[in-house]
Amino acid sequence: TQKIALFKIEKYQYHIKKIIYSYQTVFDIKLFFAEEFKTVAQNIIIKHFTKILSDDQNIYDIDNVFEIDLIDGYSLFHIYFTNFSFICLQTNSTFKNLKISLASYFSLFESKIQYGPKLYDIFNGLSNPDDHKIEEFSNKVPFLDFLYTFLNYKTQAKLHSIIS
């Protein structure tokens, strides 16, 4: 048996509908979101209203509207790097940490990951933007944008115009 459930991340006004099955537990759903957010399931909290659900609960029997949250010390960041997505990192992470994580997840060279036009604009005039904490800037732009420099200048300019 299956049904559609709605999972919300209120901070970003993000909603995702997902089919859940009668045999699935809360932990199964955490595993799904862990892959989506590039983290481990233990960092994710599933709530029904304000109640935190335990990993072994059967999610099918609860309801069909849930909230996704993270444990203390971790934050979710909305990024654009080839596509829009979310990434979970420690709350005190720097932009350098984020670039290293992106390089690791996509098997790329960290040194070739550059700031996109939105971040470039807010970093204008700052020295060492890599050393700044993400939290300081994550509310100043709708998403954190990055580019990879293997693109030729024509393609890079086209991407700039799309996401600006």
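Our structure is the block above this text.
Because the structure is predicted, anything quoted here is derived from the model rather than measured. Within each chain, residues carry numbers counting from 1 in the order of the written sequence. The model is predicted, so local features are restricted to residues of pLDDT at least 70 and side-chain atom pairs to those at 80 or more, both for listing and for counting; the totals for chains, interfaces and linings are taken over all residues. For the side-chain quantities, the full set of heavy atoms in the structure was used; hydrogens and water were omitted.

Caption draft 1: Layout of the overall build of the protein. Strands are runs of DSSP state E lasting at least 2 residues, helices are runs of H or I lasting at least 4, and numbering of each runs from the N terminus. Regarding its fold elements, the protein presents four helices and nine strands. Listing every helix and strand of the protein by position from the N terminus yields β-β-α-β-β-β-β-β-α-β-α-β-α. Viewed in the frame of its principal axes, the protein has a C-alpha envelope of about 50 × 30 × 25 Å. The criterion used for residue contact is that any of the two residues' heavy atoms lie within 4.5 Å. Long-range contacts, defined as pairs at least 24 residues apart, comprise 54% of the intrachain contacts of the protein with a sequence gap of at least 6. Note on areas: Shrake-Rupley with a 1.4 Å probe; residue coverage comes only from the protein chains shown. Counting every atom, the protein has about 9,400 Å² of accessible surface; 52% of that belongs to carbon and sulfur. When charges are counted, Lys and Arg contribute as positive and Asp and Glu as negative, whereas His and the chain ends are disregarded. Taken as the charge location is NZ of Lys, CZ of Arg, CG of Asp or CD of Glu. Here the protein carries 17 positive and 18 negative side-chain charges, and the mean point of each set is 7 Å from the other.

Caption draft 2: Representation of the packing of aromatic side chains in the model. Here is the rule: rings of Phe, Tyr and Trp (six-membered ring for Trp) pair when centre to centre is within 6.5 Å. Planes less than 30 degrees apart are stacked, more than 60 are edge-to-face, and the remainder are tilted. Considering all chains together, one arrives at 18 aromatic pairs under this definition. Their ring planes at 85° and their centres at 4.9 Å tell us that Phe84 and Phe143 sit as a pair that is edge-to-face. Note that Phe84 is positioned in strand 7 (residues 84-90) and Phe143 in the loop between helix 3 (117-123) and strand 9 (144-148), a separation of 59 residues in sequence. Three labels apply to residues, based on accessible area from a 1.4 Å probe with only protein chains included: buried if under 20% of the type maximum, exposed if over 50%, partly exposed otherwise in between. Residue classification places Phe84 among the partly exposed positions, given a relative accessible area of 46%. Among the aromatic residues, ring-to-ring pairing joins Phe7, Tyr12, Tyr14, Phe32, Phe33, Phe37, Phe66 and Phe86 into one connected group. Two conditions define a charge located above a ring, namely a distance within 6 Å from the ring centre to NZ of Lys or CZ of Arg, and an angle within 35 degrees of the ring normal. A cation over a ring is seen here: Lys18 above Phe32, with NZ or CZ 4.4 Å from the ring centre. A cation sits over an aromatic face here: Lys99 above Tyr115, 4.4 Å from the ring centre.

Caption draft 3: Expanded view of the sheet that holds strand 7. Here we have four strands laid out as an open sheet, ordered 7-6-9-8, and mixed in their pairing. Taken across any chain shown, the strands that pair with only one partner, and hence form the sheet edges, are strand 7 and strand 8 (113-115). The average undirected angle you get between the axes of adjacent strands in this sheet is 45°. By the convention used here, strands pair only if DSSP detects at least 2 bridges between them. Sheet topology places strand 8 next to strand 9; three bridges connect them, and they run antiparallel. Residue pairing across strands places Tyr115 opposite Phe146, the latter belonging to strand 9. Every angle, taken between N-to-C directions, lies between 0 and 180 degrees, and every axis is a line fitted to C-alpha atoms, over only the stretch in contact when it is a helix.

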